[in-house]
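Letter by letter, the chains look like this.
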Protein chains: 2
Amino acid sequence: MTATIPRVVIVGGGFGGLYAARKLARKPVRVTLIDRKNHHTFQPLLYQVATAGLSPGEIAHPIRAIFKHSKNIEVLLDEVTGFDLAHRQVLLHDDRLAYDYLIVAAGATHAYFGHENWAPIAPGLKTLEDATEIRRRILLAFEIAERRARLERKLEPINFVIVGGGPTGVELAGAVAEIAHRVVAGNFRSIDPSRARVILLEAGPRVLPSYTEDLSHSAERQLRTLGVEVMDNCMVTGVELNRIHFGDSSLEASVILWAAGVAASPLGKMLDAPLDRAGRVLVEADLTVPGHPEVFIVGDMASVKQADGKPVPGVAPAAIQMGEFAAQTILDEVAGQTQRVRATDRPPAPTPATARKPSLGAPARGAGFHYFDKGSLATIGRNAGIAQIGRLHLTGLIAWLAWLLVHVFFLIGFRNRLQVIWEWGWAYLRYQKGARLITGNSDSITPDEVHDETRREPTLEIPAPASMPERKAS
Amino acid sequence: MTATIPRVVIVGGGFGGLYAARKLARKPVRVTLIDRKNHHTFQPLLYQVATAGLSPGEIAHPIRAIFKHSKNIEVLLDEVTGFDLAHRQVLLHDDRLAYDYLIVAAGATHAYFGHENWAPIAPGLKTLEDATEIRRRILLAFEIAERRARLERKLEPINFVIVGGGPTGVELAGAVAEIAHRVVAGNFRSIDPSRARVILLEAGPRVLPSYTEDLSHSAERQLRTLGVEVMDNCMVTGVELNRIHFGDSSLEASVILWAAGVAASPLGKMLDAPLDRAGRVLVEADLTVPGHPEVFIVGDMASVKQADGKPVPGVAPAAIQMGEFAAQTILDEVAGQTQRVRATDRPPAPTPATARKPSLGAPARGAGFHYFDKGSLATIGRNAGIAQIGRLHLTGLIAWLAWLLVHVFFLIGFRNRLQVIWEWGWAYLRYQKGARLITGNSDSITPDEVHDETRREPTLEIPAPASMPERKAS
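On a predicted model such as this, the values are computed, not experimentally measured, just so you know.

1. Describing the overall build of chain A
Moving on, step 1. When you go through chain A residue by residue, the secondary structure sums to 14 helices and 25 strands.
Moving on, step 2. Classification of the 474 residues of chain A by burial places 62% in the buried group.
Moving on, step 3. Taking all contacts inside chain A whose residues are at least 6 apart in sequence as the whole, residues at least 24 apart take part in 65%.
Moving on, step 4. Summed over its atoms, the accessible surface of chain A is roughly 17,900 Å², and 57% of this surface lies on carbon and sulfur atoms.

See the structure below:
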C-alpha cells in the first residue's frame, strides 16, 4: 500500500464502528479498528445472557473473524487514551496512530446521575461481564434463599428490583419474572421461587415512554400477566445493599438492576467539542466535530436531531446508519479526489487532508445525516412484546415474533443466528433456560458468598481466580 | 417423608456423585447432593472450552435442573469442611448434615509434585474457570504478539508448551495446534499465527502411556501431522514466567499448560482413612472406608485395583460405574431391611445404621466392585485420534468418530448433546472456532495486560470486576 492511501481509524467495535468498517472493507482506504475487547457484542440481546437464556458466545463474535477476509482492515486490541486532533493522531497507551479520517464510536455506559456509589450494588447492563455478573446475582439469590430456608427454617422474601422502565428494564423484568415463576420453579426443595417478587420501578408516568401511550399500557398489562409489579412515578432516592428507597418508602431487595440511564463514553470529553447534558458530542449535520471535517462521531456518542427536532434514539439501527453514513462520506471524498488526481495527472496525489477542502461543498458533504426510523420493538418475556412501525402498532405474540425475526436477522455471524434460533426454539418448547451457570471467580461458591450477603457486592475483596489450585484445594 | 427413610448424603456433583444420585432417584431414600458449583461439568470436553471449540454452557448443566423431577433429591450449593464419621455427620461451614449413608465423590485436582508455585504460571484444566482462563491466555498470546509486531516492528516467537503427554495433554496440544495453524491464521496482519510452535513435553518415553505402544506411536505421528512438536523423555525441571526448563535446556514460552499430574481431593485426608501416594483413599472391595461400611468413596478419590492388579483409571466411565455400584449397594441393603421389617411387622423400623449390620455378609456386600473397561479413546485435533477397545485398535478418522459418538452420547442434557453436534458440525465445515472470546475480568484489556507479560499471571493484582462503571469509564 502506498502512503497516499487514506488512513481511516475507527474507535470502537460496536454497531457504529463495525458497520463503518464493513462499508470500508475492500475499498481504497487503510482501516484500523480499535477496541478494548476482542469481540463485537450484540447488545440488544445482552439481557438474554443476563437472564440465562443465551450464552455469551452466542451474542458475541470475534472482531478479527468478521474482517478476516478484508485485508485493508486491521484490528487492534487496545485502549484509546486520547486524541491529538491538531496532528491527526489517536493516542494509545504507548503508541500513536496517525489518521486522515477518524470515526469515534465508543458508545455509552451507565449513568447514575451523581450516585456512582450505587453502581456496584445495582449494576447496569452494557457488557458481557455485566451480563454474567447479573446472571450470577439472580441465580445466587435463589441459592442463598434456599440455604437460609434450610438452615434457619425461615422463608425470606426474594425481591428482584429493576430500576428504569425503558426497553432494557422492561426486557429484564419480563425475563427475570420468567426465570422465577417458570424456569427454576420446582428446582428447589425448601423455597418456592414462584413466590419471588419482580418489581419494575419507573420514574415517569409510564414504561417505554418512547412509545405511544397505547403501547406503553399494553406493555404494562403484558408485564403484569407475567407477574411483574410495575410501579410508575417511582423515583429512586437511595440504593443500599439489599434495600432500595423510592419516594418516602423503601423495599428489601435481593437483587437490584440498573436500567435507568446512560451517559456517552468519556472519550467525548477528549475531543474538545461541545457536549450535551448526557456527554454526547454536538456534531454537525454530517456527524463531524465542528471545525474538524475529518473527525466523525457515530452511535450513542453523537447528539443528532431528527427532522421533527426529536433526538435520534440511542438504538442499534441509528448507530448502524451513522456508521455507514460516515464511511460513505469518506469514500465519496476519496473517490472524488482520486478522480481529480487522475484528471490533472499530477503525482504524487495530495493527501486527503489538503485535497478534501475544495470538495467540502461537494454533494458528499452537502447531504447531512438523516435517521430512517424503521420502527421500534421491545420484547416482554416469552412470546409477548410491542412493536411500533410507523402507524402500525403490534402487541403480544406477533410483536414478539417480529422482534425475534429482526434481532436474529441482524445478529452478526451466520452461525450465531442459527444457534440462537435453535436455543430459543428449544427454550420455547422446554421452558428451560440453558445457560443457567453461576460462573466467574464466584463459580465455586465461597462460604461468605452463600452466607454473607455483603459478599455479593463486587467492590469488596475479590476471591482469587478459581484457576489457582490453592483455591481448589481449600 | 418419615424419619425411618434412610438419609444418603453425596459429596460432589461430578460423574461419580451424579450417577449415584441418578440411581437413587425416586427410590425409598432421602438424598442430599452437595457441590460447590451449581452445575455438573462434562470434564472430558473441558479442553474444547479451553481451545474455543465449545462454550462453557455447552458442557455444563445445572445440577438442580438434572434432578428437577426427582423429589427425593435435594441439591445444596455449599462447601464441605469435614466429616464426623462417629456421629455420621457431614460438616458444612455453619451446618451439619446427618446421614445414614455417605458417598464421597469430590474428584481430583492438579498435582505439581511439590512445585505449587508453578500453578499460576502453568494452569491445569479441571474446571470451567480453568478452561476460560486457558482460552484467555491462548488468544491473548496472539494479540500480544500482534501488538508487539506492530509497535516494535519485531516478530517474537509464539510458543505454546503443554506439559504432560496423557490424554488431556494430547487433546490440548492437538487443539492448540489447530487454532494456531488453521483457525486464527489470516486473522492477523502483523504476525503469522501459523508460525507459532506447539510443544508437547512428556517425561516418559512415549505419550499416552496407558495405551499400547502402537497406538502411542500412531498418536505421536498424528500430532506431528498437526504441527505439534512431541518431545519424549523430557522431565520439566523449572517453570518461570514465559520460560520453561527441562533437562539442562530451556525454552521461551508464551503460554504454559499443565497436564502432568492429578491429586485426589483433600477431602480424603479428612476421612482418617489410609491414603495412597496420590491422596486417594484405599477403599475396601465394596468401595467403603475400612471400618465404615456406610461410607463410600467413588471416582478419582478412590484407589481401587482391577482383577489384573492394575489400578482402575481415573476416567469418567470408572467414576460412573463406582457411583452406580455404591448406590446399588445402598438400595439392596435398604430393600433387604425393609423386607425384614415387613416380615416381623415390628414398627418403628430400626434405623438403617443398626439394621444394616446383620446384612453385612449378605449378597449386596458380598460382591465387590469390578471395573468394566469399555475401552479408551483419545482425540487429537480435528478428525484424528486413537481408540483401544479390547483387542480392537483404531486410529485416525474412525477413532475420532468413535470418540465423538461416545462423548456426545454421554453428555448430560439432551439439549447440550444436539448443540455440541451442531457446534462441531459447523466448526468442521467452516474450520471456525465459535467461542473465541477473551472473557472474564480481563475481557476489556488493560494496557498492562497487553504490554506487560507479567499481568498474565493471575496471582498478581486482580482487576476490579468489569461490571463496575468506574472501570468502563477509565
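2. Some details on the sheet that holds strand β23 (residues 376-379) of chain A
All names here are of chain A.
Moving on, step 1. Taken in spatial order, the three strands line up as β23-β24-β25 in an open sheet, and their pairing is antiparallel. The strands lining the two open edges of the sheet, one partner per strand, are β23 and β25 (392-395). Here the average twist between neighbouring strands, direction ignored, is 5°.
Moving on, step 2. The sheet contact formed by β23 and strand β24 (residues 385-389) spans four bridges and is antiparallel. Counted as the bridge partner of Ser 376 is Gln 388 from β24.
Moving on, step 3. Contacts from helix α7 (residues 213-225) reach β24 and β25, with the element oriented near 165° to β24.

3. Topic: the pairing of strand β12 (residues 197-201) of chain A
Where a strand is regular, its side chains alternate between the two sheet faces.
Residues and elements named next belong to chain A.
Moving on, step 1. Counting buried positions along β12 gives four out of five residues, so the element sits mostly inside the fold.
Moving on, step 2. The sheet contact formed by strand β11 (residues 159-163) and β12 spans five bridges and is parallel. Bridging from a neighbouring strand, Val 161 pairs with Ile 199 of β12.
Moving on, step 3. Between the parallel elements β11 and β12, the chain passes through helix α6 (residues 167-183) in a crossover that is right-handed.

4. Overview of the side chain of Asp95(B)
Moving on, step 1. Mapping Asp95(B) onto the fold places it in the loop between β7 (89-92) and β8 (96-98).
Moving on, step 2. According to the relative accessible area criterion, Asp95(B) is buried, its value standing at 17%.
Moving on, step 3. Setting aside anything within four residues of it in sequence, one finds Asp95(B) in contact with Arg147(A), Arg150(A), Leu151(A) and Val90(B).

5. Re helix α6 (residues 167-183) of chain B
Moving on, step 1. Helix length check: α6(B) (17 residues) gives 22 Å between terminal C-alpha atoms against 24 Å at 1.5 Å per residue, within 8%.
Moving on, step 2. By the criterion of burial, α6(B) is predominantly enclosed, with 14 of the 17 residues buried.

6. Thoughts on the sheet that holds β12(A)
Residues and elements named next belong to chain A.
Moving on, step 1. The four strands are arranged β13-β12-β11-β17 in an open sheet whose pairing can be described as parallel. The open sheet has two free edges, formed respectively by β13 (228-231) and β17 (255-258), since each of these has just one partner strand. For this sheet the average axis-to-axis angle between neighbouring strands, irrespective of direction, equals 20°.
Moving on, step 2. Sheet analysis places β12 next to β13, joined by four bridges and oriented parallel. Looking across to β13, one finds that Leu 201 is bridged to Met 231.
Moving on, step 3. Sheet contacts for α6: β11, β12, β13 and β17; angle to β12, the most-contacted strand, approximately 175°.
Moving on, step 4. Sheet strands touched by α7: β12 and β13. Its angle to β13, the strand with the most contacts, is close to 145°.

7. Section: the packing of aromatic side chains
Residues and elements named next belong to chain A.
Moving on, step 1. If you walk through the whole model with that rule in mind, you get 14 aromatic pairs over all chains.
Moving on, step 2. Consider the rings of Phe 142 and Phe 188, whose centres lie 6.0 Å apart with planes at 40°: the pair is tilted. With Phe 142 in helix α5 (residues 128-152) and Phe 188 in the loop between α6 and β12, this residue pair connects regions lying 46 residues apart in the sequence. With respect to class, Phe 142 is no different from Phe 188; both count as buried.
Moving on, step 3. Arg 22 extends its terminal NZ or CZ atom over the ring of Tyr 19, reaching a point 5.4 Å from the ring centre.

8. Here we look at the pattern of salt bridges
Moving on, step 1. Following the criterion strictly, the structure yields 34 salt bridges over all chains and no others.
Moving on, step 2. Measuring nitrogen to oxygen at the nearest pair gives 2.8 Å for the salt bridge that ties Arg148(A) to Glu156(A).
Moving on, step 3. With its nearest N and O atoms 4.0 Å apart, the salt bridge here joins Asp308(A) to Lys310(A).
Moving on, step 4. Look at the salt bridges and you will find they share partners, linking Glu74(A), Asp95(A) and Arg150(B) into a network.

9. Some details on the environment of Phe296(B)
Moving on, step 1. If you trace the backbone, Phe296(B) turns up in strand β21 (residues 292-297).
Moving on, step 2. Through-space distance from the C-alpha of Phe296(B) to that of His87(B) is 16 Å; in sequence the pair is 209 residues apart.

10. A closer look at unusual backbone geometry
Moving on, step 1. You will see that Asn233(A), though not glycine, has its phi angle at about 50°, which is positive.
Moving on, step 2. Position of Asn233(A) relative to the elements: it lies in the loop between β13 and β14 (236-240).
Moving on, step 3. Phi is positive for Asp272(B), close to 30°, though the residue is something other than glycine.
Moving on, step 4. Mapped onto the elements of the fold, Asp272(B) is located in the loop between β18 (262-264) and β19 (281-282).

11. What about helix α7 (residues 213-225) of chain B?
Moving on, step 1. Compared with the 18 Å implied by 1.5 Å per residue over 13 residues, the 18 Å span of α7(B) between its first and last C-alpha is a close match.
Moving on, step 2. One or two steps after α7(B), the chain reaches Gly227(B), where phi turns positive at roughly 95°.

12. Concerning the confidence of the model for chain A
Residues and elements named next belong to chain A.
Moving on, step 1. In this model, chain A carries an average pLDDT of 82, and 80% of its residues clear a pLDDT of 70 or more.
Moving on, step 2. This model gives residues 340-364 a pLDDT under 50, and the stretch forms 26 contacts once residues within four places in sequence are excluded.
Moving on, step 3. This stretch, residues 441-474, has a pLDDT under 50; its non-local contacts, to residues over four places away or in other chains, come to 103 contacts.
Moving on, step 4. Scored as a complex, the prediction yields pTM 0.82 and ipTM 0.79.

13. Quick look at the environment of Asp300(B)
Residues and elements named next belong to chain B.
Moving on, step 1. Looking at the secondary structure, you find Asp 300 in the loop between β21 and β22 (302-303).
Moving on, step 2. Along the backbone, Asp 300 and Phe 15 are 285 residues apart, and their C-alpha atoms lie at a distance of 9.8 Å.
Moving on, step 3. Those residues in contact with Asp 300, other than ones at most four positions away along the chain, are Gly 107, Ala 108, Lys 126, Ala 264, Arg 280, Gly 314 and Val 315.

Cut-offs and rules
- Residues numbered from 1 in each chain as written.
- Chains lettered and ligands numbered in written order.
- Predicted model: local features only at pLDDT ≥ 70, side-chain atom pairs only at ≥ 80, totals over all residues.
- Heavy atoms only, no water.
- Helix = DSSP H or I, 4+ residues; strand = E, 2+ residues; numbered from the N terminus.
- Buried < 20%, exposed > 50% of the residue type's maximum accessible area, 1.4 Å probe, protein only.
- Contact = heavy atoms within 4.5 Å.
- Areas by Shrake-Rupley, 256 points an atom, 1.4 Å probe, with all protein chains shown as cover.
- Pairing = 2+ DSSP bridges.
- Axes fitted to C-alpha atoms, helices over the stretch in contact; angles between N-to-C directions.
- Right-handed = clockwise from strand over helix to strand, strands pointing away.
- Expected span 1.5 Å × (residues − 1).
- Phe/Tyr/Trp six-rings, centres within 6.5 Å; stacked < 30°, edge-to-face > 60°.
- Lys NZ or Arg CZ within 6 Å of the ring centre and 35° of its normal.
- Salt bridge = Lys/Arg side-chain N within 4 Å of Asp/Glu carboxyl O.
- pLDDT = per-residue confidence, 0-100.

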